[in-house]
Amino acid sequence: MDSSVGKGLDILSALARGTSGVSATDLARDMGRDRSRLSRNLHAMADAGFLLQEPAPRVFAPHWRLYAEAQEVTAHRLRTDGLTALEGMVSDTGESCYLGVLVGDTTVTIAERVPPGSNQVGSWIGRPYPAYCSDSGQALLCDADDEEVAAVFARTDFVRHGPNTPAGLDDFLARLAVTRDRGHSVVDEEAEPGLYAVAAPVRDFRGEVVAAVQVVGPRVRLAPRTDICAAAALRWSRWLENTLRGAG
């Protein structure tokens, strides 16, 4: 971007990719910019409240309020653009589709779309379900390492909800390893008898998993169509990711 606004956004994007503050010298090298001009831009953005400046060592980082505001925008767009993604998934699969988030050791549905003629009774929106056996639990935890997953379930009893419910943490981690390698989850009669689900993670502007889209239905109908359901979930999760990042 050649405009002043564009250059400022480029700087914010470059700083946001770092795990801590970055000096003007290092940032100029990484971005291929003139150090003196970039330093002036950095100080102007700090004066305007967009950046935080640490005096020793002299490094810059995005102001925390930008992350807070970005997270609010992400949450809003998940509920609006998420519905568009679910409608696309329903069109592709002819099955009920949902958008879920992780809350503690449970998953909660925040959006849903069902096909015409669905016999679903009531709504799943706002209803928590144990993450270790829910339709979207593995997809939501796929980027967490084993220690982080263990912390999520530190006080969780693995109660059986279906014939294939994970028996405990080690069992869940073994299934999660398969999900990580595959890029999407397949939950086969873990949540309840006869229920089958395919889910894909949705990552935000930071590259962190913030939600999961899932296709859910009877095992007898969905299991033979796993590849179709997975392709739809992955396609629309990527579409939603691009939308959340402003690239849609």
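In the block above lies the structure referred to throughout.
Described in the following lines is the structure provided in the data block. Predicted model only: the values in this text are computed from it and were never measured.

### Section: the layout of surface pockets
If you add up the space inside the second largest pocket, you get close to 610 Å³. Around the second largest pocket, the lining comprises 30 residues; the ones closest to its centre are Y98, Q120, W124, L195 and V216. Listing elements by their share of the lining of the second largest pocket, those giving two or more residues are β3 (96-103), β4 (106-113) and β8 (209-218). Per element, the largest residue contribution to the lining of the second largest pocket is four residues, and it comes from β8. Here the residues of the lining of the second largest pocket are counted per class, giving ten nonpolar, 15 polar and five charged.

### Focus: the pairing of β4
Among the eight residues that make up β4, seven are buried, leaving the element largely enclosed by the rest of the structure. Remark: two residues form the turn of the hairpin made by β3 and β4, two consecutive strands paired antiparallel; G104 in that turn has positive phi of roughly 65 degrees. As judged from the three bridges shared by β4 and strand β5 (residues 128-130), these two strands associate in the antiparallel manner. Residue V108 lies in a different strand from β5, and its bridge partner there is P128.

### Quick word on the nonpolar core
Counting residues in hydrophobic clusters, the biggest one holds 28 residues, and the most contacted among them are L78, L86, M89, L99, A211 and V213. For this core, the secondary-structure elements that each account for two or more residues are α4 (64-93), β3, β4, β7 (195-203), β8 and α9 (226-244). Per element, the largest residue contribution to this core is seven residues, and it comes from α9. If near-sequence neighbours (up to four positions away) are discounted, V213 is found in contact with L86, M89, Y98, L99, V198, A199, A200, V202, A233 and S237. Formed by 24 residues, the second largest nonpolar core is a distinct cluster that contains A131, A144, L195 and A212.

### A closer look at the packing of helix α2 (residues 24-31) against helix α3 (residues 35-47)
One can describe the packing of α2 onto α3 by two numbers: an axis separation of 9 Å at closest approach and a directional angle of 120 degrees. By crossing handedness, the relation of α2 to α3 is classed as right-handed. Facing α2, whose interface residues are A24, T25, L27 and A28, α3 presents R35, L38, S39 and L42.

### Some remarks on α3
The end-to-end C-alpha distance of α3, which contains 13 residues, comes to 18 Å, matching closely the 18 Å that a straight helix rising 1.5 Å per residue would cover. Those residues of α3 not exposed but buried are L38, S39, L42, M45 and A46. All buried residues of α3 fall inside an arc of 130 degrees around its axis, so they share one side. Set apart from the buried face of α3 by more than 90 degrees, the exposed residues are R37, R40 and D47.

### Examining unusual backbone geometry
Where the residue is not glycine, phi is negative for most of them; where a peptide bond is considered, it is trans in most cases. In the Ramachandran plot, E189 falls in the positive-phi region, its phi being about 55 degrees despite a non-glycine side chain. Tracing the chain through its elements places E189 in the loop between β6 (185-188) and β7.

### Concerning the state of the cysteines
What is meant by a disulfide is a covalent connection between two cysteines, made through their sulfur atoms. In this structure the tally under the stated criterion is zero disulfides. With no disulfide of its own, C97 has C229 as its nearest cysteine by sulfur position, at a separation of 7.8 Å. Judged by its relative accessible area of 0%, C97 falls in the buried class. Assessed through its relative accessible area of 0%, C229 is described here as buried.

The rules behind these values
Residues numbered from 1 in each chain as written. Predicted model: local features only at pLDDT ≥ 70, side-chain atom pairs only at ≥ 80, totals over all residues. Heavy atoms only, no water. 1 Å grid on protein atoms, 1.4 Å probe; cavity = no way out; pocket = protein on both sides within 12 Å on 5 of 7 lines; lining within 4 Å. Points joined across faces, edges and corners; volume = space filled by probe spheres on them. Helix = DSSP H or I, 4+ residues; strand = E, 2+ residues; numbered from the N terminus. Nonpolar A, V, L, I, M, F, W, Y, C, P; charged D, E, K, R; others polar. Buried < 20%, exposed > 50% of the residue type's maximum accessible area, 1.4 Å probe, protein only. Pairing = 2+ DSSP bridges. Core = buried A, V, L, I, M, F, W, Y, C linked by side-chain atoms within 4.5 Å. Contact = heavy atoms within 4.5 Å. Axes fitted to C-alpha atoms, helices over the stretch in contact; angles between N-to-C directions. Left-handed = near helix turned anticlockwise from the far one by under 90°. Expected span 1.5 Å × (residues − 1). Arc of directions from axis to C-beta. Disulfide = S-S within 2.5 Å.

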